[in-house]
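# Inside the fold
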Amino acid sequence: MLYVYRFRLYPTREQIEFLNRQIGHCRFVYNKLLEIAKKDYETEGKKWNYYE
């Protein structure tokens, strides 16, 4: 029989601010790389793969 454990986190206000800041940084990096990849595809027709 499989068991499921669920946990709920209750971060403090400082932890919430830290996590929001970190998620914002990740979103910025992802969007910047997506922009560069789209520009490369439009100009050179080059697609990025996982290893690049």
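Use the structure listed above.
The text that follows walks through the structure, step by step, so that each part is easy to find. (Residues numbered from 1 in each chain as written. Predicted model: local features only at pLDDT ≥ 70, side-chain atom pairs only at ≥ 80, totals over all residues. Heavy atoms only, no water.)

### Considering the overall build of the protein chain
Spelled out, the test is: Each helix is a run of H or I in the DSSP string that is no shorter than four residues. Each strand is a run of E no shorter than two, and both are numbered from the N terminus. Residue burial is assigned from relative accessible area. The probe radius is 1.4 Å, only protein chains are included, and a residue is buried under 20% of its type maximum, exposed over 50%, and partly exposed in between. Each accessible area is a Shrake-Rupley result for a 1.4 Å probe, and residues are judged covered by the shown protein chains and nothing else.
For the protein chain, the helix and strand inventory stands at 1 helix and 0 strands. For the C-alpha atoms alone, the extent of the protein chain along its principal axes is close to 50 × 40 × 15 Å. The buried share among the 52 residues of the protein chain stands at 2%. When the accessible surface of the protein chain is summed, it comes to about 6000 Å², and 58% of that surface belongs to carbon and sulfur atoms.

### Side note on the environment of His25
Relative to the assigned elements, His25 resides in helix H1 (residues 13-44). Judged by its relative accessible area of 47%, His25 is partly exposed. Each C-alpha atom of the pair His25 and Trp48 lies 22 Å from the other, and the pair is 23 residues apart in sequence.

### Some details on H1
Cut-off, in case you're wondering: Multiplying 1.5 Å by the helix residue count minus one yields the expected span of that helix.
If you check H1, its first and last C-alpha atoms are 46 Å apart, about what 32 residues at 1.5 Å a residue would give, namely 46 Å. Positive phi appears at Gly45, one or two residues downstream of H1, with a value of about 70°.

### Quick notes on the side chain of Asp40
Definition in use: Here Asp and Glu are counted as negative and Lys and Arg as positive; His is not counted, and neither are the chain ends. Criterion for a salt bridge: a side-chain nitrogen of Lys or Arg within 4 Å of a carboxyl oxygen of Asp or Glu. The contact criterion used throughout is that any non-hydrogen atoms of two residues lie within 4.5 Å.
Tracing the chain through its elements places Asp40 in helix H1. The side chain of Asp40 sits in the buried core without any salt bridge; Lys46 is the nearest counter-charge, 5.5 Å away. Excluding residues that lie within four positions of it along the chain, Asp40 makes contacts with Gly45, Lys46 and Trp48.

### Describing a nonpolar patch on the surface
Rules: Residues enter patches when they are more than 30% accessible in relative terms and free of salt bridges; like-charged ones are connected within 9 Å and nonpolar ones (Val, Leu, Ile, Met, Phe, Trp, Tyr) within 5 Å.
Together, Phe28, Val29, Leu33, Ile36 and Trp48 make up an exposed nonpolar region whose accessible area comes to about 470 Å². Position of Val29 relative to the elements: it lies in helix H1.

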